[in-house]
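Listed here are the chains, written in short residue letters.
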2 protein chains.
Amino acid sequence: MDIVEKLLNGSRLALSRTITAIENEYDEASSIMRKLYPHTGHAFVLGITGPPGAGKSTMTNQLAKAYRNIGKTVGIIAVDPTSPFSGGAILGDRIRMNSLTLDEGVFIRSMGTRGSLGGLSHKTADAVKALDAFGKDIIFVETVGVGQSEVDIVKAADTTMVVLIPGMGDDIQAIKAGILEIGDVFAINKADHDGADKLQMELNMMLDLDAEQKDWRPPIQKVVANQGEGINELVELIDKHYSYIKENGIMIKRRHERAKTELLELLRSSIGGYITKNIVKTGRLDNYLNDIELRKNDPYTVVHELMDELLKK
Amino acid sequence: MDIVEKLLNGSRLALSRTITAIENEYDEASSIMRKLYPHTGHAFVLGITGPPGAGKSTMTNQLAKAYRNIGKTVGIIAVDPTSPFSGGAILGDRIRMNSLTLDEGVFIRSMGTRGSLGGLSHKTADAVKALDAFGKDIIFVETVGVGQSEVDIVKAADTTMVVLIPGMGDDIQAIKAGILEIGDVFAINKADHDGADKLQMELNMMLDLDAEQKDWRPPIQKVVANQGEGINELVELIDKHYSYIKENGIMIKRRHERAKTELLELLRSSIGGYITKNIVKTGRLDNYLNDIELRKNDPYTVVHELMDELLKK
């Protein structure tokens, strides 16, 4: 059996190797993905995001347990965009998930920004597809929601949950504004801390303002994740959103948008590889750079010339 | 006079319009940049990054005043990757900078992720060049340092300052690990708060471990930015690093790397535009997507075909 057959037959090792191939951009990755693709489209994908320190992994942990209790199999991809240099994601708090790793119905994988060519969101999307083809019922994609690229990662989900906590600084206001529009469900974690009511009130105000143009008014659930409080209620809200998007054709629309973004990103990343092979590795880039640095040429003119040379027009 | 001449003659309006053209990807942007390019390469670029809530804008504000006091002209680009949907960067704390905007020697501009095609780091780099050609002595590029793309933004600097504060959550550990390697100078802001000594000790340990392979051991400065404490000392450390990289050929090396990254990114973004024009706007993408969604085709095969069609081989 090849790796694809093994994965489809339930081999965790084959799944793990596939994600490693995706992460490291091994040549075999795209032929594996080509064969896995027809087996995708069944899993429900839940994006989980929020500012640093919001307790997203504890929340993910508890949600995974709750879904396991109702018999669903769970895949977790924890995207760590904060470790661009360490060669992979080694979040300390992954360790807290140990209780889950003993459960065969759960597969957990961290992904960092190992390798510089491909985009992390493209790799995350492929890892989601691998878990989907593997047969997981629900796939969590968890990431720190601050930058644009991280927002792109959760945009790949069917339903997006935004986790906030009371009592953070000024920048949090800005973050809140930025991720307000992507949240389908909001969780206020550490709801036993001061300021939870104030945060809920503020959020409600902002969401009400926004709700006039929308059919779905994102609900807010208070949670104390490390004590499991509010988790079952949260699962209910997530399921409610899932039913809503399925019944209203929104899920089909979102998946169409997702497929579009993914196709374009894959195309751009492939062309990027072609450029690297033809311009960078041949040493031509260095010649151009030399002229640019001496101000004998400029990047805009160089790119214009290269476009003429590389592309059929 | 055209916009380029006006900018080179010191028109703030022309500068402002140029950055707007860059931000919105107007067609004229690349012809403006082509003409500005020969006038660049003189400014010192300082990257300022750190987690949300670290007080980066207050710090930037104080540093700008300190540099103004020694007669330097200052440009500030505040990159706000947290507002992908609001159509531009409107950080509330920009308002705090008002005292600076009255000073003709300072030019402040916020940039968000308006428009979806081009990368924010590419636009930031062009805005830096515009300020450089305009004649600013020192240019600050300030951004929230959490995601990969934000790290890319500050990597475009000659010297990078990382701002941290005591007493943040678990995720901060991960962030610290991620941005440790890009910091040339570290500032511990809110140093009058509990935990500042502990943070300094931890940072010192990590930097000592790292220092064995490096000539420059990044110094740490405690600061209370909103009271101006430690700012002059910080300026001294920044200047010390600037002298160090100039004298050791490191600046030339860094700028070479920067020029390389920028050239490749410009090329990719131009090719992205070409794809949009030829594949997206012609409706062909939708046909492909239809087949992909019905699982009659897969994205990997489609991309393979498109590469053959688009590229000269």
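Residues numbered from 1 in each chain as written. Chains lettered and ligands numbered in written order. Predicted model: local features only at pLDDT ≥ 70, side-chain atom pairs only at ≥ 80, totals over all residues.

(A) Here's a closer look at the packing of helix α13 (residues 299-310) of chain A against helix α11 (residues 250-280) of chain B. One way to put it is that α13 of chain A packs onto α11 of chain B with a least axis distance of 10 Å and a crossing angle of 50 degrees. Taken together, the axes of α13 of chain A and α11 of chain B are oblique relative to one another. For the pair α13 of chain A and α11 of chain B, the crossing hand works out as right-handed. Taken together, the residues of α11 of chain B that come into contact with α13 of chain A (itself represented by Pro-299, Val-302, Val-303, Leu-306 and Met-307 of chain A) are Glu-262, Leu-263, Leu-266, Leu-267, Ser-270, Ile-271 and Tyr-274 of chain B. Each residue belonging to the contact of α13 of chain A with α11 of chain B can be placed in one class, and the counts come to 10 nonpolar, 1 polar and 1 charged. (Axes fitted to C-alpha atoms, helices over the stretch in contact; angles between N-to-C directions. Helix = DSSP H or I, 4+ residues; strand = E, 2+ residues; numbered from the N terminus. Parallel < 35°, antiparallel > 145°, perpendicular 65-115°, else oblique. Left-handed = near helix turned anticlockwise from the far one by under 90°. Contact = placed C-beta atoms within 7 Å. Nonpolar A, V, L, I, M, F, W, Y, C, P; charged D, E, K, R; others polar.)

(B) Here's a closer look at the sheet that holds strand β2 (residues 74-79) of chain B. All names here are of chain B. On the basis of which strands lie adjacent, the open sheet formed by 7 strands has the order β3-β2-β4-β1-β5-β6-β7 and parallel pairing. Either end of the sheet is taken by a strand with one partner, and the two such strands are β3 (106-111) and β7 (220-222). Within this sheet the neighbouring strands show an average axis-to-axis angle of 20 degrees, counted without direction. Note: strand β5 (residues 159-164) against strand β6 (residues 185-188), 4 bridges, orientation parallel. Each residue of the ladder has a partner; that of Leu-164, found in β6, is Ile-188. Here helix α4 (residues 56-69) sits on the sheet and contacts β1 (44-50), β2, β3, β4 (138-144), β5 and β6; the angle it forms with β4, its principal contact strand, is near 175 degrees. (Pairing = 2+ DSSP bridges.)

(C) Helix α2 (residues 12-23) of chain A, seen in detail. All names here are of chain A. Along its 12 residues, α2 runs 16 Å from first to last C-alpha, staying within 8% of the 16 Å computed at 1.5 Å per residue. Every buried residue of α2 is accounted for by Ala-14, Leu-15, Thr-18, Ile-19, Ala-21, Ile-22 and Glu-23. In this fold, the buried residues of α2 make contact with α1 (3-8), α3 (28-36), β3 (106-111) and α6 (120-134). One or two positions beyond α2, positive phi appears at Glu-25, with a value near 55 degrees. (Expected span 1.5 Å × (residues − 1). Buried ≥ 20, exposed ≤ 12 C-beta atoms within 10 Å, placed from the backbone.)

(D) How the structure looks around the nonpolar core. Counting 159 residues, the largest nonpolar core has Ile-77, Phe-140 and Val-141 of chain A together with Val-141 and Ile-188 of chain B as its most contacted members. When sequence neighbours within four positions are dropped, the list of residues in contact with Phe-140 of chain A reads Leu-46, Ile-48, Thr-60, Leu-63, Ala-64, Val-74, Ile-76 and Ile-77 of chain A. (Core = buried A, V, L, I, M, F, W, Y, C linked by C-beta atoms within 7 Å.)

(E) Structural view of the environment of Leu-8 of chain A. Residue and element names in this part refer to chain A. Along the chain, the position of Leu-8 falls in helix α1. Judged by C-beta crowding, with 17 C-beta atoms within 10 Å, Leu-8 ranks as partly exposed. Here the alpha-carbon distance between Leu-8 and His-39, two residues 31 residues apart in the chain, equals 8.5 Å.

(F) A look at the pairing of β1 of chain B. Residues and elements named next belong to chain B. Counting buried residues along β1, 7 of its 7 residues qualify, which places the element largely inside the surrounding structure. Judged by which residues are buried, β1 turns out to be covered on both faces: Phe-44, Leu-46, Ile-48 and Gly-50 on one side and Val-45, Gly-47 and Thr-49 on the other are all buried. Relative to β4, β1 runs parallel, the two sharing 7 bridges. Each bridged residue has a counterpart across the sheet, and for Ile-48 the counterpart in β4 is Glu-142. In terms of strand pairing, β1 meets β5 through 4 bridges, oriented parallel. Directly across from Ile-48, in β5, lies its bridge partner Met-161.

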